[in-house]
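# A look at the structure
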Amino acid sequence: MDKIRSSEITSRAVYVNRRAFIQAFVSAGIGFSATAADAQAPATHGRKLTTTHSDLSTTERPNTWEQVTTYNNFYEFGTGKDDPARYAPRWRPREPWTVRVDGACARPGTFTLDDILKGQTLEDRIYRHRCVEGWSMVIPWVGFPLASLVNKVQPTSAAKFVEFTTLHDPAAMPGQRDDVLEWPYVEGLRLDEALHPLTILAVGVYGEALPNQNGAPLRLVVPWKYGFKGAKSIVRIRFVDKAPTTSWMRNWPQAYGFYSNVNPAVDHPRHSQAMEVRLPAATRSMRTQLFNGYADQVASLYKGMDLKRFY
Ligand SMILES: Nc1nc2c(c(=O)[nH]1)N[C@H]1C(S)=C(S)[C@@H](COP(=O)(O)O)O[C@H]1N2
Ligand SMILES: [Mo]
């Protein structure tokens, strides 16, 4: 890895904080190890992105680069929180990266990342992130509204849902040689959720191109839903007429519904959703808010729906 580059983007305070972060995890038995933090990856392209600040950002203080890039879920690289930071940096996302956009739309196509980014204004979107497992972070994504891509390909009236598929490459992604999930990783949104201005495709974090472990080069971010809705390293976006069966629904349908909206009143069979631990302070728990605090913006999408039934 490029040590000079990573020191440029990492302030002294962050390094000092990192010690406390690791300490907190060690004492909480969450299994965070110093080696994982030290194995922190540089950005995929080592590329600074030009961005503008979005008013849709939270004013809460973001987690550090280390926290955001070394405590991850990306089962393609293992199920441990430090596995993605350890194993994903070896992976080389193919260049040029392409995304197939098809299904019920008038202008399907295979687009390179450059095609997709042409004419896009990249925004800093600082969002709360809540994992169904009970931890949360504040992450300064760089991205653009998914709606702008969707509108370019002109979904037809048959398009009611959107399916997102992650790269399937077991030779390069060691986690795909285990059947912990059915591969490839698939997620989905209803079309109106996909078009919501809070829904973004992210290409960066902290003003840098996404590190592999965060889903390089392109991933979904839907801040009012549990983290697992944010499919990483997307190769296909497809418009469909029925709700896609997502990887997590297949894995455990009673636990993972299609909607997966953050909701303190609807528990996962194994994890209460009432509270969350804001990392890194493993002792600092706080109440989880309906729709992860984005209720003012998104509650109207679910008017009249029983959110216990449509979990
Ligand atoms: N392809 C793929 N996407 C994925 C996952 C995964 O295992 N594979 N994990 C999900 C889960 S559970 C979470 S919490 C977020 C974590 O994103 P982050 O590591 O960038 O914070 O990615 C989501 N997207
Ligand atoms: Mo998650």
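Before reading further, recall that the structure is shown in the block above.
This text gives an overview of the structure that appears in the document.

The rules behind each value
- Residues numbered from 1 in each chain as written.
- Chains lettered and ligands numbered in written order.
- Predicted model: local features only at pLDDT ≥ 70, side-chain atom pairs only at ≥ 80, totals over all residues.
- Heavy atoms only, no water.
- Buried < 20%, exposed > 50% of the residue type's maximum accessible area, 1.4 Å probe, protein only.
- Helix = DSSP H or I, 4+ residues; strand = E, 2+ residues; numbered from the N terminus.
- Arc of directions from axis to C-beta.
- Pairing = 2+ DSSP bridges.
- Axes fitted to C-alpha atoms, helices over the stretch in contact; angles between N-to-C directions.
- Salt bridge = Lys/Arg side-chain N within 4 Å of Asp/Glu carboxyl O.
- Core = buried A, V, L, I, M, F, W, Y, C linked by side-chain atoms within 4.5 Å.
- Contact = heavy atoms within 4.5 Å.
- Near = heavy atom within 4 Å.
- Polar contact = N/O pair within 3.5 Å; in protein donor to acceptor, adjacent residues only side chain to side chain.
- Areas by Shrake-Rupley, 256 points an atom, 1.4 Å probe, with all protein chains shown as cover.
- Nonpolar A, V, L, I, M, F, W, Y, C, P; charged D, E, K, R; others polar.
- Phe/Tyr/Trp six-rings, centres within 6.5 Å; stacked < 30°, edge-to-face > 60°.
- Lys NZ or Arg CZ within 6 Å of the ring centre and 35° of its normal.

### A short note on helix H7 (residues 146-153)
For H7, every residue scored as buried is listed here: Leu-146, Ala-147, Leu-149, Val-150 and Val-153. An end-on view of H7 places all buried positions within 160° of arc, on one side of the element. Positive backbone phi, approximately 55°, marks Gln-154, located one or two places after H7.

### Remarks on the sheet that holds strand E3 (residues 109-112)
With mixed pairing, the five strands of this open sheet are ordered in space as E3-E2-E11-E6-E7. Of all the strands in the sheet, the pair left with one neighbour each is E3 and strand E7 (186-190). The mean angle between the axes of side-by-side strands here comes to 20°, regardless of whether they run parallel or antiparallel. Bridge analysis of strand E6 (residues 161-166) against strand E11 (residues 234-240) gives six bridges, and the strand direction is antiparallel. From the neighbouring strand, Thr-166 faces E11, where its bridge partner is Ile-234.

### A few points about the pairing of strand E8 (residues 200-205)
Within E8, six of the six residues are buried, leaving the element largely enclosed by the surrounding structure. Bridge count between E8 and strand E10 (residues 219-221): three bridges; the pairing is antiparallel. Looking across to E10, one finds that Leu-201 is bridged to Leu-220. Relative to strand E9 (residues 208-209), E8 is paired through two bridges, and the arrangement is antiparallel. Following the sheet pairing, Val-205 is matched in E9 by Glu-208. In textbook terms, the turn of a hairpin is the stretch between consecutive antiparallel strands, and for E8 and E9 this stretch comprises two residues, one of which, Tyr-206, has a positive phi near 55°.

### Re the pattern of salt bridges
For the structure shown, the criterion picks out 16 salt bridges. Of the charged contacts, one joins Asp-102 and Arg-100 as a salt bridge, the two residues approaching to 3.4 Å between their closest N and O atoms. We classify Asp-102 as buried; its relative accessible area is 10%. For Arg-100, a relative accessible area of 33% translates into the label partly exposed. Counted as one network, the salt bridges with shared partners bring together Glu-60, Arg-128, Arg-130, Glu-276 and Arg-278.

### Some thoughts on the nonpolar core
Counting residues in hydrophobic clusters, the biggest one holds 78 residues, and the most contacted among them are Trp-141, Phe-144, Phe-164, Leu-201, Trp-224, Ile-237 and Phe-239. Setting aside its immediate chain neighbours within four residues, Phe-239 contacts Val-101, Asp-102, Gly-103, Ala-104, Cys-105, Val-150, Val-153, Pro-155, Ala-159, Phe-161, Val-162 and Leu-191.

### Some words on the site of ligand 1
Surrounding ligand 1, one finds 19 residues, the nearest of these being Asn-72, Tyr-75, Glu-76, Arg-219 and Lys-232. In the environment of ligand 1, a nitrogen atom lies 3.0 Å from a nitrogen or oxygen atom belonging to the side chain of Thr-166. With the chains in place, 99% of the 540 Å² that ligand 1 exposes on its own is no longer accessible. Broken down by element, the residue count for the shell around ligand 1 peaks at three residues, all from strand E5 (residues 135-145). Taken together, the residues of the shell around ligand 1 break down into nine nonpolar, seven polar and three charged.

### Things to note about the packing of aromatic side chains
Inspection of every chain in the model, using the stated rule, returns 17 aromatic pairs. A ring pair is formed by Tyr-226 and Phe-228, whose centres lie 6.3 Å apart and whose planes are at 15°; its orientation type is stacked. Consider the rings of Tyr-259 and Phe-310, whose centres lie 6.2 Å apart with planes at 90°: the pair is edge-to-face. Taken as a pair, Tyr-259 in the loop between helix H9 (247-251) and strand E12 (275-278) and Phe-310 in the segment after helix H10 (295-298) lie far apart in primary sequence, 51 residues in all. Look at Tyr-259 and you get buried, because its relative accessible area is 9%. Through pairs of rings, three or more aromatic residues link up here, namely Tyr-75, Tyr-226, Phe-228, Trp-248, Trp-252 and Tyr-256. Directly above the ring of Trp-97 sits Arg-94, whose terminal nitrogen or CZ lies 5.4 Å from the centroid. The ring of Tyr-294 has Arg-128 sitting right over it, with the charged end atom 4.7 Å from the ring centre.

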